Amino acid sequence: MPIDPGFATELARELPPADFLRVLELFRIDLARLTEEIEAAAAGGRHEEVRRAAHGMAGAAGAVGAATLEATTRVVMRQPDAGMDLVAIAHNIRTLADDTLLNIDRVIAQARSA
Amino acid sequence: MTPPSGAPSRILVVEDLAAKAELARIFLTGLGHEVQVASTASSAFDTARSWQPDGILLDIELPDYNGLELLKNLRDIGVDAVVVVVTATASMELAKQAIRSGAEDYVVKPYNRDRLGVTLRNALDKRALAHARVHLETALVDTRTRLDAAEAQLSRKSYAGFIGASPRMRAVYDTLQGVAASKASVFVTGESGTSKELAAEALHKMSPRAAKQFVPLNCGAIPRDLLESEVFGHVKGSFTGAISDRIGAAKLADGGTLFLDEIGEMPLDMQVKLLRFVQTGTFSPVGSSRLEKVDVRFVCATNRDPLMEVESGRFREDLYYRLYVVPVELPPLRDREQDVLLLARHFLAMFDTEENKGFKGFSRDAEAMLLAYPWPGNVRQLQNVIRNIVVLHNGEMVEAAMIPPPVNRAAGPHYSPRPALAPPPPPPTAPAPGWEPQVSADPHLHEPNSPPPFTPPSPSPSPLPSPIATPSLPTTLSVDPGVEILPLAEMERRMVLAALLRTGSDIPRAAALLQINPSTVYRKVSQWRKEGALPEGFPL
């Protein structure tokens, strides 16, 4: 089920269609890479790497209006090592990332058909 | 330099996430800026150094190293671009730290185009104002420096070895400074003792030729049959006594300056050879057919009126026009106002050190006496008078009573600023038999033939029988009813000729004694020559 109904709407208003689509495509690549980085760092128990990748994902998500993903990753950024369940975090972020990727595909399809 | 408000700028976006970097690029290009993107701190460092952006949009979290460290490294290498840090609300403390490290501002993400545009523009404007202020401050300092230099120039009391602050000497300094860098020939005129050689040396020292030789040659002091050899050199056996090759002044001065003093004394046949040298820069040593080429700057000097010399046929007109490119007229000391005292103090300090006497200065009466005297022997005469005083007297102050004749005759109890009749200058000494470069510890000693000015006037060798008014007459008018009465024109003729005899036919000095223009003396002598009114054997 798609989250963030307002995803990318402001961006779509602000950018010409070609630029808008290009940013979304790039965001898709960033998101995939960062998700993999979080999963790998979590599997290795590397808290700081998880935090840094979450920081990057929060910034990128904020830029395109992926509000739920941005809020979740910001929480991760601020968590102390002791309270971090890395496996759960990685799983949670993967779920949100996949959902966001679906969102991206939907918005891109809409933009192209418009 | 930061572009003015609203003008397109070069902005470097430092961002490792492609979507965010692209978004920033789109926003900034949309605002009219030129944009480059760096995804790591290292590549940003390289781009900033080579591209020299006006502004940097900097994300703190970078894959290789921290944005704050990058900022410090950029400032260390002199990159002074405006830096705007991109931060999340959660890292505001980091943004403030960035500002403390030299960033201008920060923008909280996510940002839209307007927010980014305003933040960046404000930062660029703030930097432009700071630059403008620095520029204005620099310009202000520069202007102040120029004003100080101009003020120093206006108030300067010495220049390139000259002592003097009178308007006429300042004009001389300006001319010397203006012409020094040029290769143009300079023709220095001035009475004997006005430091013509010093002017020539100053020109050389201030010119690009300073590293090469300054070669002075006194044309009046060299026997005429040796002059060509002195100027151009000779080869062995070219004439009796030429036992080896000898380099002449022209070759010695290659790349430097050749100073031809007393050029008016140069024989006409030698003037022809000099003209060819001046025109072509080439010459042949005496006894050789080999042409040599040199690069020489000519500075000439004479104490005569060069144009009068041309008119009288003693100086070639074509040579005159070749050499008389930039004239520099050195004023006589009597026209230099308070310079007399500046020079007197300079010489007093110099000779006092030499003689270890302890003189500190001049009394007011002594100064008035020095100012009242017309100094026909000019700076050289003043120098000798001061030396005389220092050698013969002791004390802290030079008093009027210490001043020797004829200077002390210029000012009696009721002296006037200018004597009614100028005292005679000391007789000139005979010229040296041959040319040698002259070296002196004091610049004012450079001209040769320095006469001792304190020598009492010797009886005139004039064959003229009539009594000649002497400078020893008191300024208070006394009339001798027994004096021989002659037509005024005859009295004038006798007086002029007597003055010429007394000065060794030095027309400017004779004119100074008579307090008339040298051209008047030239004109009268020419007329008397035509009329046969010059005594037989008169040395002129």
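Presented here is a report on the structure given in the accompanying data block. What you are looking at is a predicted structure, and each value in this text was computed from that prediction instead of being measured.

Rules used in this analysis
- Residues numbered from 1 in each chain as written.
- Chains lettered and ligands numbered in written order.
- Predicted model: local features only at pLDDT ≥ 70, side-chain atom pairs only at ≥ 80, totals over all residues.
- Heavy atoms only, no water.
- Pairing = 2+ DSSP bridges.
- Helix = DSSP H or I, 4+ residues; strand = E, 2+ residues; numbered from the N terminus.
- Axes fitted to C-alpha atoms, helices over the stretch in contact; angles between N-to-C directions.
- Contact = heavy atoms within 4.5 Å.
- Parallel < 35°, antiparallel > 145°, perpendicular 65-115°, else oblique.
- Left-handed = near helix turned anticlockwise from the far one by under 90°.
- Buried < 20%, exposed > 50% of the residue type's maximum accessible area, 1.4 Å probe, protein only.
- Buried area = accessible area lost by both parts, 1.4 Å probe.
- Salt bridge = Lys/Arg side-chain N within 4 Å of Asp/Glu carboxyl O.

## Quick notes on the sheet that holds strand E12 (residues 257-261) of chain B
Residues and elements named next belong to chain B.
- Strand order across the open sheet formed by five strands is E9-E12-E15-E8-E16, with parallel pairing between neighbours. Every interior strand has two partners, whereas the edge strands, strand E9 (214-218) and strand E16 (326-329), have only one. Strand-to-strand twist of the sheet, defined as the mean angle between neighbouring strand axes without regard to direction, takes the value 20°.
- Judged from the four bridges that link them, strand E8 (residues 186-189) and E16 form a sheet pairing that is parallel. Bridging across to E16, phenylalanine 187 finds its partner in proline 327.
- Across the sheet, helix H6 (residues 167-180) is in contact with E8, strand E15 (297-302) and E16; its angle to E16 comes to roughly 150°.

## Points about the packing of helix H13 (residues 339-355) of chain B against helix H15 (residues 378-392) of chain B
Residues and elements named next belong to chain B.
- Contact geometry of H13 with H15 gives a least axis separation of 9 Å together with a crossing angle of 45°. Of the possible angle classes, the one that applies to H13 and H15 is oblique. Crossing of H13 over H15 shows right-handed handedness. Contacts between H13 and H15 pair Val340, Leu343, Ala344, Phe347, Leu348, Phe351, Asp352, Glu354 and Glu355 from the former with Val379, Leu382, Gln383, Ile386, Arg387, Val390 and Val391 from the latter.

## Digging into the environment of glutamate 10 of chain A
Residue and element names in this part refer to chain A.
- In this structure, glutamate 10 sits in helix H1 (residues 9-14).
- Under the relative-accessibility criterion, glutamate 10 is labelled partly exposed at 47%.
- Distance from glutamate 10 to alanine 63, taken between C-alpha atoms, is 9.9 Å for residues 53 residues apart in sequence.

## Describing the pairing of E9 of chain B
Residue and element names in this part refer to chain B.
- E9 sits mainly inside the fold: five of its five residues count as buried.
- Of the two faces of E9, the one holding Phe214, Pro216 and Asn218 and the one holding Val215 and Leu217 are both buried throughout.
- Two strands pair when backbone bridges link them, and E9 and E12 are joined in this way by five bridges, in the parallel orientation. Across the sheet, phenylalanine 214 pairs through a bridge with threonine 257, a residue of E12.

## Thoughts on the sheet that holds strand E1 (residues 10-14) of chain B
All names here are of chain B.
- With parallel pairing, five strands are arranged side by side in an open sheet as E2-E1-E3-E4-E5. In this open sheet, the two strands that pair with only one neighbour each are strand E2 (34-38) and strand E5 (105-108). Strand-to-strand twist of the sheet, defined as the mean angle between neighbouring strand axes without regard to direction, takes the value 20°.
- Inspection of the sheet shows strand E3 (residues 55-59) paired to strand E4 (residues 82-87) by five bridges, in the parallel sense. In the strand pairing of E4, glycine 55 is matched with valine 82.
- The sheet strands contacting helix H2 (residues 41-51) are E1, E2 and E3, and the helix crosses E1 at an angle near 170°.
- Across the face of the sheet, helix H4 (residues 92-100) comes into contact with E4 and E5 while running at roughly 160° to E5.

## Here's the deal with the interface of chain A and chain B
- Listed as interface residues are 22 residues of chain A and, on the opposing side, 18 residues of chain B.
- Counting the surface lost from both chain A and chain B, the interface buries some 1600 Å², and carbon and sulfur atoms represent 67% of this.
- Applying the counting criterion to the chain A and chain B interface returns one salt bridge.
- Here arginine 22 of chain A ties to glutamate 22 of chain B by a salt bridge, and the two come within 2.7 Å at their closest N and O atoms.

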